[in-house]
Amino acid sequence: MEKKVYELINETLYTETLPNGLKVALLPKEGFHKTYSLFTTDYGSIDEEFKPLGQDEFVKVPDGIAHFLEHKMFEKEDGDVFQLFGKQGASANAFTSFTKTSYLFSSTDQVEKNLTTLLDFVQAPYFTEDTVEKEKGIIGQEIQMYDDDPNWRTFFGLLQAMYPKHPLHIDIAGTIDSIAEITAEDLYLCYNTFYHPSNMNLFVVGKMDPEAMMALIRENQASKEFTAMPPIERKFPEETAADIVKESTIYLDVTRPKAYVGIKGLEALPTDGYELLRNRTAASLLFQMLIGTTSDNYLAMYNEELVDDSFGFEFNMDRGFYFADFGGDTDQPVELAERLKEILLTAKDSPELTEERLSLLKKRMMGNYLQSLNSLEYIANQFSKDSFGEATLFDMVDVIDSIMLEDIQGVINHFIKEEAMVTLYVYPKNKE
Amino acid sequence: MSNVLAKNVNLHVIPTKKYKTIHVLIRFASELTREKASLRTLLSSILETNSLNYPQQTDISKKLSDMYGAKMGIGSSKKGNRHYLNAVFSMVNPKYLPNEAGLLAEGFNFMQEILLNPNADGMQFDEETFHREKKNLISYVQSIYDDKQSLASLRLQSLYYSEDEAQQTPGFGRVEDVEKIENSELFNYYQQMLQEDEIDIVILGDIDEQDVLPLVQQFNFVDREALVASPMYQRQRQLTVAERVEKLPVQQGKLNLAYQTDAYFHDTHYFAMQVFNGIFGGFAHSKLFMNVREKESMAYYASSSLDTFRGMMTVQTGIDSQNKEKVLALVSEQLDAIREGNISEEEMQQTKAMIRNQFMLSQDNPSASIESLYLAKKFPQSDISDDEWLNRLEAVTKEEVQAMAQKMELQAIYFMEGGVA
């Protein structure tokens, strides 16, 4: 077990990679009642085409299968795992993203028992045709609920425009039709390929004795058999800038129009984890300087009533892709989209990009970072989600400190390109 | 620790070393009326947007950034017969920042500026700010329509409280009321609020009361009267169940139900009511989830929740519209089962374990700790030790839970029918 002390932020992290390949990280937190554990596999909704364990040919599985599998993991021959967690006083849950599936519990009591339950249930699949069929109704309702959510639909409208071929544009839960095709056999195929310990990580944070906790995890894993696993081969459709849908419009049951601009990352990013983390941080600082709540651009748009408090922007970076989006509710959608594009495309010479603004926003980012360390969920989720090699969430103090104006200009050069931009308009349905 | 700053203006400090941050809540409490909800929500937006010395919202944002990304927000909410205007502020504890000892005082000076020094001329707020924030608030209230789960719960509330205007009004107000508000009227109301509202300031963090006392004394709040009406809202039981069906262009139907419980925050039945709700629909092992979702696959969510300041329980489900009658019957069967005492020892234990876990978890959250201290001060019957709290939960019997189920009376059904283009 390796121990690393981060003195500036007063945290100590324990890590170990077990013989079966499982990466474990423990972060004890003084004074907390709660222990939060997150067991994550590097497998999400976009991983639809891959070579199954022990096979030489690529297969393609139905949309939404990673999420379906997440639902079905909770059901066992002798009942529902939620019940077992409940009896042990723990709240359990799970979530699926584009690239990850995570299972979690939080409890203030019987932590050893709950942790064992977490490890055991995720490592013991049980699917039958009957239980798979039954789940289709529940997930069907989940899909319909998201279909009625304008923010979700808008987000996928943008992804559809930026990634028309890549599975990123497909709803994480799939569609009613695609999940209808899923069989128990498909679930086993995906499970056996992606739920190998070498493709997974476990993060535990909160009240604990790290030595005892690691011993329990080692022992639990040593008692199970896993065959050695070659690296997973995934395949994604080829997509170029020419495939991007420059402008699209959708109609939803909303009261006001919305306008969004998206930028798809076209250039390859650094492979070094620390550099990648610096890159993401620089991008985030760039957009805050350019268009965030301290910028003159934002103030002008607000005062001209192009935007209101619903305006926001996000930069996403994940395994194999990165993109940014900007926008919100507006009564002047075309004007807003045009303005956003203009601000982005002239970023290089923007008067917002000064040393003074950069240091102000670095100060804010540092403070926000320290504040976020209050939340055990935030720490665990970030830690398990990010793949930055050796670099982790706890290196952020150094990373933020290291960003210079030339890094910011670097992001503009490799990322902000007219051919990488899309515009999405959302209009109220009754005005169709 | 509590300190009286003026009559009905109190400071409460919660010292803890758990967090790297300091959290402040300044709460203005008033009796709820329909008009106040809109006035106070618009007021909160205007105060949050700018001030005399920070006339643009970017000025505020820059100041917050300069205080290491401190966060400030002003919002409104309601609870029972009370309407709250809440100013919250949080910052990194200066202990984690080298050479920044003055940051705490800077933070309190900033909050004083925001609350007491608005962008106004002594008669009214800055015209431009007033009009823009009014327009934005109207857009915001209208946009609640876009979120169908929130819409369904607001429609249910308005149906259930059809006889009481204040109770049926959302905490953030109504479009038609916001439209009527005039600038000078709002400014007068603001001054009235500062003079008359009950004020509680709660501070949580690794901090001494001695350090913050002079900082909050600067606010110079004057004496005021205590609120007289009960904070709990009592409703007359109705003989008939109010029903409303609304057709909307949605994929998923929403069936929401409201029951009168007449059980209130920390009254005799409080713990039994919590256990009842947990067995009925509060958790993933509850009867609603197990039967409507897991057995019948009819919903993605089917749950119940309690409002113990209004003696109400609601059930919310997202379903296929054609299953409405079936789901209504299933919900009613689950309630009947508990009424008949069909509660296993396992359900009792599991539910208590989950409530215990929730209670302990809430102590690891700054805002939840602040809220619970506020309630302990306002409702002394809830000011009990953790052990006492857990003992009372443990002591709840199956018969008491059964008795709670028997008190439930269905009073309103709202159905958002989907599948209509």
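About the cut-offs
- Residues numbered from 1 in each chain as written.
- Chains lettered and ligands numbered in written order.
- Predicted model: local features only at pLDDT ≥ 70, side-chain atom pairs only at ≥ 80, totals over all residues.
- Heavy atoms only, no water.
- Domains from an automatic or database assignment.
- Contact = heavy atoms within 4.5 Å.
- Buried area = accessible area lost by both parts, 1.4 Å probe.
- Pairing = 2+ DSSP bridges.
- Helix = DSSP H or I, 4+ residues; strand = E, 2+ residues; numbered from the N terminus.
- Axes fitted to C-alpha atoms, helices over the stretch in contact; angles between N-to-C directions.
- Core = buried A, V, L, I, M, F, W, Y, C linked by side-chain atoms within 4.5 Å.
- Buried < 20%, exposed > 50% of the residue type's maximum accessible area, 1.4 Å probe, protein only.
- Salt bridge = Lys/Arg side-chain N within 4 Å of Asp/Glu carboxyl O.
- Polar contact = N/O pair within 3.5 Å; in protein donor to acceptor, adjacent residues only side chain to side chain.
- Nonpolar A, V, L, I, M, F, W, Y, C, P; charged D, E, K, R; others polar.

The name an unreviewed UniProt entry assigns to chain B is Insulinase family protein, from the organism Vagococcus zengguangii.

An unreviewed UniProt entry annotates chain A as Insulinase family protein originating from Vagococcus zengguangii.

Another point: the domain arrangement of chain A. Residues and elements named next belong to chain A. Entries for chain A in the domain assignment read domain 1 (2-222) and domain 2 (241-431). Distance from the C-alpha centre of domain 1 to the C-alpha centre of domain 2: 28 Å. Residue-level contacts link 41 residues of domain 1 with 40 residues of domain 2. Summing both partners gives a buried area of about 3,300 Å² for domain 1 against domain 2, and 70% of it is carried by carbon and sulfur.

Residues and elements named next belong to chain B. Pairing in this open sheet of 5 strands is mixed, and the strands run 7-11-8-10-9 from one edge to the other. Each having just a single partner strand, strand 7 (242-247) and strand 9 (299-307) make up the two edges of the open sheet. Recorded for the sheet is a direction-independent mean angle of 10° between the axes of neighbouring strands. In this structure, strand 7 lies alongside strand 11 (residues 409-417), joined through 6 bridges in parallel fashion. Within strand 11, the position partnered with Val245 by the bridge is Phe415. Running at roughly 140° to strand 11, helix 5 (residues 148-160) makes contact with strand 7, strand 8 (253-260), strand 9, strand 10 (312-319) and strand 11 of the sheet. Contacts between helix 10 (residues 270-282) and the sheet are confined to strand 9 and strand 10, with strand 9 contributing the most and set at about 170° to the helix.

A:Phe287, A:Phe394, A:Ile416, B:Phe89, B:Phe110 and B:Ile203 are the most contacted members of the largest nonpolar core, which totals 138 residues. Excluding residues that lie within four positions of it along the chain, A:Phe394 makes contacts with A:Tyr6, A:Ile9, A:Glu11, A:Leu13, A:Leu27, A:Tyr369, A:Leu373, A:Ile379 and A:Phe383. Among the nonpolar cores identified, the runner-up in size contains 53 residues, and B:Leu227, B:Ile338, B:Met354 and B:Phe379 belong to it.

Contact with chain B, which involves 60 residues of that partner, is made by 59 residues of chain A. Between chain B and chain A lies a buried interface of about 5,500 Å² when both sides are counted; carbon and sulfur atoms form 51% of it. Taken as a group, B:Lys20, B:Asp146 and B:Tyr300 account for 12% of the area that chain B buries against chain A, more than any other trio of residues on that side. Seen at the junction of chain B and chain A, the total is 6 salt bridges. Among the salt bridges present, the one from A:Glu305 reaches B:Lys135, with a minimum N-O distance of 2.7 Å. Counting every contact that joins chain B to chain A gives 32 residue pairs in polar contact (both at pLDDT 80 or more). Of the residues in the side of chain B that touches chain A, the class split is 21 nonpolar, 22 polar and 17 charged.

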